[in-house]
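Chain residues, written in single-letter form:
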Amino acid sequence: MCSNIENDNYNHNGIELWHWQAMSELQKCFGARMEFGTAGLRAAMGPGVSCMNDLTIIQTTQGFCAYLEQCFTDLKQKGVVIGFDARAHPPSGGSSKRFACLAASVLISRGVPVYLFSDITPTPYVPFTISHLGLCAGVMVTASHNPKQDNGYKVYWANGAQIIPPHDKGIAAAIEQNLEPWPKSWDTDGALQSSLLSDPYQEIHREYCKTIQQHCFHRELNKNSEVKIVHTSVHGVGHIFVQAAFKAFDLHPPYAVEQQKDPDPEFPTVKYPNPEEGEGVLTLSFALADQEGATVILANDPDADRLAIAEKQESGQWRVFSGNELGALLGWWIFQCWKLQKGEGKASIKDVYMLSSTVSSKILRAIAVKEGFHFEETLTGFKWMGNRARELMDQGKNVLFAFEEAIGYMCSPAVLDKDGVSAAAIAGEFVSYLASKNITLSHQLRSIYEEYGYHISKNSYFICHNQDTIKQMFERLRNYDGENSYPKECGGFAITAVRDLTTGYDSNQPDNKAILPTSKSSQMITFTFANGGVATIRTSGTEPKIKYYTELCAAPGNSDLNQLKTELDNLVDAIVEHFYQPEKNNLTPRPE
């Protein structure tokens, strides 16, 4: 009898647990609609309004189309380009290609010409196509390096750059007004037969490879180079495009990591398909490089807009360069190539610009000050750098290079976004050139720092899923010593300036108002320290992370590297202890 009662209780409790879990899952899927922002959409594939699926793609594209109709009188003459990566989610039936076809169907149903790539492409091909064909806009269906269940919907404007405000709000409002599917939105078969649909794949691939050759300066050296390079596309789209870019530069083809060269939405050989996470993603690349005697590894993320580089050291160990170190190397190299092309004439250097995001290394500023070109900082993200680059180019300026610390590089103004394909080819030529002089990337980086001053950075993050905790943490920093008073020191390190791009406060400006645009929807505070250190704490727009970016900028000649590293380590420890308070706030450190 007792056992029956226990079983009944167990069954009853089991049903209750199942019911609670089911309700929780439904709440997750249907509780809140995905928010459309400047990054477009990024979410898991699956059912419900909070996920990427056929219906939410149709609704998003209907809103996007309606907004384009408001903004462009020539939309039906110029049209829109759509690209996609190789992501797929069999449990829900979602895939990047399926979503791209649905988006094309919606636009075609309204008489808008659509240039739909017939096969997977790198993300940079979409902004390139907008600029090359003079289109009104573009969509790239990709979740970049996110986990395999995710997908995204990234939007570009007629200027070839990602959208910035107010377009995000305009599109979001139009989505809400166009939630019911239009009669022909589902008709992908009809759309694929439409005379409004064309495939730009062959032309764009050919023109892209032709265009990036403007940045090839050492063709004969490339042909004869004996440097061996390994490339991995980390189960993404990059393989054939990087091979083609190397060919365009007359470089020997890089050795491809066989297990990772073909697109695979399961990303079976890596925990995270993100080369920014460093060595874990490069294990197979190290093995192939050792086998073939290669000294340099290039790694793209799955949509090939980012590039990581590793180099074998004299000790036999591999060094994975940080995004800031690669920004220094590529920025220096591209400036050397510009000087080679233009000669030493000072007349045109006043029109040369380089850009980086405000959380990236200040090394380009140091180079610009010494060499005489312009350097500008923008808000975080290539949407800001791409739009600023377009403004400068429209004024007749020459934007040579832009970068962000998250291994994103714009090495050619033909793509106003980060581009891991052109960056790979340019890096290949750079490595070949250095090898001809018997110089390694590591040696060259040290030379740059010795000439322009060491810039040592240390970036990481804590994971936090609780929005209230995040808000409280930042509000505490804004009211540290009483109301509306920021910290004046941190663990003994004196703070000389504070800039808060959430509220618009900047203690460095005469009126205390920040020059860079502000955004109340994201948290971002930058502290400048008396010792030359700079630290920015910010939330991520696409992940549950509270990130920190720290850098110690030393004057040229101060080359005691160990002392500088120790000082930066101590500063970071103080920031974590006093500003993050990980134990009190229950924050999870970045997984090793």
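The model shown is predicted, which means the values in this text are computed figures rather than measured ones.

Calculation rules
- Residues numbered from 1 in each chain as written.
- Predicted model: local features only at pLDDT ≥ 70, side-chain atom pairs only at ≥ 80, totals over all residues.
- Heavy atoms only, no water.
- UniProt positions renumbered as here; feature names shortened; annotations may be inferred.
- Helix = DSSP H or I, 4+ residues; strand = E, 2+ residues; numbered from the N terminus.
- pLDDT = per-residue confidence, 0-100.
- Contact = heavy atoms within 4.5 Å.
- Buried < 20%, exposed > 50% of the residue type's maximum accessible area, 1.4 Å probe, protein only.
- Salt bridge = Lys/Arg side-chain N within 4 Å of Asp/Glu carboxyl O.
- Patch = residues over 30% accessible without salt bridge, like charges linked within 9 Å, V, L, I, M, F, W, Y side chains within 5 Å.
- Areas by Shrake-Rupley, 256 points an atom, 1.4 Å probe, with all protein chains shown as cover.
- Pairing = 2+ DSSP bridges.
- Axes fitted to C-alpha atoms, helices over the stretch in contact; angles between N-to-C directions.
- Parallel < 35°, antiparallel > 145°, perpendicular 65-115°, else oblique.
- Left-handed = near helix turned anticlockwise from the far one by under 90°.
- Nonpolar A, V, L, I, M, F, W, Y, C, P; charged D, E, K, R; others polar.
- Core = buried A, V, L, I, M, F, W, Y, C linked by side-chain atoms within 4.5 Å.
- Polar contact = N/O pair within 3.5 Å; in protein donor to acceptor, adjacent residues only side chain to side chain.

## Quick notes on the UniProt feature "domain: Alpha-D-phosphohexomutase alpha/beta/alpha" (unreviewed entry) in the protein chain
Okay, step 1: Those residues carrying the UniProt feature "domain: Alpha-D-phosphohexomutase alpha/beta/alpha" (unreviewed entry) are residues 34–178, 207–312 and 324–452 in this numbering.
Okay, step 2: Helix makes up 38% of residues 34–178 and strand 19%, whereas the separation of the span's terminal C-alpha atoms amounts to 15 Å.
Okay, step 3: Each end of residues 207–312 is marked by a C-alpha atom, and these two atoms are 34 Å apart; helix forms 34% of the span and strand 16%.

## Digging into the confidence of the model for the protein chain
Okay, step 1: Taken over all residues, the pLDDT of the protein chain has a mean of 93, while the share at 70 or more is 96%.
Okay, step 2: Segment residues 1–7: pLDDT under 50, and zero contacts once partners within four positions in sequence are set aside and those in other chains are kept.

## What about the environment of G111?
Okay, step 1: Among the secondary structure elements, G111 is positioned in the loop between α4 (96–109) and β5 (114–116).
Okay, step 2: The partly exposed category is assigned to G111, whose relative accessible area is 24%.
Okay, step 3: In the structure, G111 is positioned 365 residues away from R476 in sequence and 53 Å away in space, judged by C-alpha atoms.

## Let's talk about unusual backbone geometry
Okay, step 1: P165 connects to P166 through a cis peptide bond whose omega is 10 degrees.
Okay, step 2: For P166, the position within the fold is in the loop between β7 (150–156) and α6 (167–176).
Okay, step 3: The phi dihedral of D250 is positive, around 60 degrees, even though this residue is not glycine.
Okay, step 4: Checked against the element boundaries, D250 lands in the loop between α10 (238–248) and β10 (255–256).
Okay, step 5: With a phi close to 60 degrees, A304 is a non-glycine residue in the positive phi region.
Okay, step 6: Assignment of secondary structure puts A304 in the loop between β11 (296–300) and β12 (307–312).

## Remarks on the pattern of salt bridges
Okay, step 1: Tallying each qualifying case throughout the model produces 28 salt bridges.
Okay, step 2: In this structure, R319 and E325 form a salt bridge, with 3.1 Å as the shortest nitrogen-oxygen distance.
Okay, step 3: You can call R319 partly exposed: its relative accessible area is 26%.
Okay, step 4: Residue K370 pairs with E451 through a salt bridge whose shortest N-O separation is 3.7 Å. You can see K370 sitting in helix α13 (residues 363–371) and its partner E451 sitting in helix α16 (residues 441–452), a full 81 residues away along the chain.
Okay, step 5: E451 gets classed as partly exposed once you look at its relative accessible area, which sits at 34%.
Okay, step 6: One network of salt bridges, with partners in common, ties together K154, D305, E404, D417 and K418.

## Considering a nonpolar patch on the surface
Okay, step 1: Taken together, the side chains of M23, L26 and F30 make up a nonpolar region of the molecular surface, amounting to roughly 310 Å² of accessible area.
Okay, step 2: Within the secondary structure layout, F30 lies in helix α1 (residues 2–30).
Okay, step 3: Of the residues examined, F30 reaches a relative accessible area of 49% and is grouped as partly exposed.

## Concerning the sheet that holds β12
Okay, step 1: The strand order across the open sheet built from five strands is β10-β9-β11-β12-β13, with neighbouring strands paired in mixed fashion. The open sheet is flanked by β10 and β13 (318–320), the only strands paired with a single partner.
Okay, step 2: In terms of strand pairing, β11 meets β12 through five bridges, oriented antiparallel. Across the sheet, residue V296 finds its bridge partner in β12, namely E311.
Okay, step 3: Seen against the sheet, α10 touches β9 (229–232), β10 and β11 and runs at an angle of roughly 145 degrees to β9.

## Details of the sheet that holds strand β14 (residues 352–357)
Sheets are built from strands paired through backbone hydrogen bonds, the pairs being either parallel or antiparallel.
Okay, step 1: Strand order in the open sheet made by the four strands is β15-β14-β16-β17, with mixed pairing throughout. Strand pairing shows two members of the sheet lacking a second neighbour, β15 (374–378) and β17 (408–410), which therefore form its edges. Averaged over all neighbouring strand pairs, the angle between strand axes comes to 15 degrees, with direction disregarded.
Okay, step 2: Two elements, β14 and strand β16 (residues 398–404), share five bridges in a ladder whose sense is parallel. Opposite S356, over in β16, you have F403 as the bridge partner.
Okay, step 3: This element, α13, spans β14, β15 and β16 of the sheet and lies at about 155 degrees to β15.

## A look at the packing of helix α2 (residues 54–71) against α6
Okay, step 1: Viewed as axis vectors pointing N to C, α2 and α6 meet at an angle of 120 degrees, and their least axial separation amounts to 7 Å. Taken together, the axes of α2 and α6 lie oblique to each other. Judged by the twist between their axes, the crossing of α2 over α6 is right-handed. Where α2 approaches α6, its residues Q59, T60, G63, F64, A66 and Y67 are matched on the opposing element by H167, G170, I171, A174 and I175.
Okay, step 2: Among the residues making up the contact of α2 with α6, the classes are represented as six nonpolar, five polar and no charged.

## Quick word on helix α8 (residues 201–211)
Okay, step 1: Those residues of α8 that sit buried are Y201, I204, H205, E207, Y208, C209 and T211.
Okay, step 2: Contacts from the buried residues of α8 go to α5 (125–133), α10 and α15 (420–436).

## Considerations on the nonpolar core
Okay, step 1: Among the nonpolar cores identified, the biggest contains 161 residues, and I82, Y153, F401, Y409 and I537 are the most heavily contacted of them.
Okay, step 2: Top element by residues in this core is helix α12 (residues 323–342). It accounts for 10 residues.
Okay, step 3: Residues contacting F401, with those up to four places away along its chain left out, are G327, L330, G331, I334, Y353, M354, L355, L364, Y409, M410 and C411.

## So, the side chain of T38
Okay, step 1: Its location among the elements puts T38 in the loop between α1 and β1 (41–44).
Okay, step 2: Polar contacts involving the side chain of T38 include one to the side chain of K383, which spans 3.1 Å.
Okay, step 3: Leave out the neighbours within four places in its chain, and T38 touches Q162, I163, I164, P165, D168 and K383.

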